[in-house]
Amino acid sequence: MPTFSSSLENAIHASLAYATQRNHELATLEHLLLALIDEPNASRVMRACAVSLDELRAKLTHFLENELDSNILNSDIQRQMLIEKIRSLKIERIPSWCI
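Along each chain, residues carry numbers from 1 onward, in the same order as the chain's sequence is written. For a predicted model such as this one, the threshold for reporting local features is a pLDDT of at least 70, and the threshold for listing and counting side-chain atom pairs is 80 or more; totals across whole chains, interfaces and linings nevertheless cover every residue. Heavy atoms from the whole structure form the basis of all side-chain values; hydrogens and water molecules are not counted.

K.L.:
Looking at this structure, how should I read the overall build of the chain?
P.N.:
Numbering of helices and strands runs from the N terminus; a helix is a DSSP stretch of H or I covering at least four residues, while a strand is a stretch of E covering at least two. Scanning the chain from N- to C-terminus turns up five helices and zero strands. In sequence order, the chain lays out its α and β elements as α-α-α-α-α. Classification of the 99 residues of the chain by burial places 25% in the buried group. Whether two residues are in contact is decided by their heavy atoms: any pair within 4.5 Å suffices. Considering only intrachain contacts with a sequence separation of at least 6, the fraction spanning at least 24 residues in the chain is 46%. Per-residue and other accessible areas were derived by the Shrake-Rupley procedure at a 1.4 Å probe size, with only the shown protein chains allowed to occlude residues. Of the roughly 7,300 Å² of accessible surface on the chain, 56% is carried by carbon and sulfur atoms. For the exposure calls, accessible area comes from a 1.4 Å probe over protein chains only, and a residue counts as buried if that area is under 20% of its type's maximum, exposed if over 50%, partly exposed in between.

K.L.:
Just to check I follow, could you spell out the packing of helix α1 (residues 6–21) against helix α2 (residues 29–37) for this structure?
P.N.:
Between two packed helices, both the angle of their axes relative to each other and the distance between the axes serve to describe the pair. For the pair α1 and α2, the least separation of the axes is 8 Å and the interaxial angle reads 125 degrees. In terms of their interaxial angle, α1 and α2 are classed as oblique. Handedness of the α1/α2 crossing: right-handed. Taken together, the residues of α2 that come into contact with α1 (itself represented by Ala11, Ile12, Ala14, Ser15, Tyr18 and Ala19) are His31, Leu32, Leu34, Ala35 and Leu36. Only C-alpha atoms enter the line fits that serve as axes; for helices the fit covers just the stretch in contact. Angles between N-to-C directions range over 0 to 180 degrees. Angle categories are assigned with fixed cut-offs, so that under 35 degrees is roughly parallel, over 145 is roughly antiparallel, 65 to 115 is roughly perpendicular, and the rest are oblique. Helix crossings are classified by the rotation of the near helix relative to the far one: an anticlockwise turn of less than a right angle makes the crossing left-handed, while a clockwise turn makes it right-handed.

The structure is reproduced here in structure tokens:
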């Protein structure tokens, strides 16, 4: 059984709470990323990589509240949604020290 740091465990629990609050059957990567915005170490890394946390929070919240189907049952559909989400990202520049 893997052991997680307390901060990661807290973020995982927060992501599950975000999913529950929105009546989502599953917690997705978007729920976890939203929770990681409030995790000090993760947010520090994101800011170092020039991520606007306010903009990221707004976009994730919009996606979770308006675009994510609340009853995703088929993992193939979920996988396809993730692929499309990744393709839709417009990353202009990632500093080499962030990857």
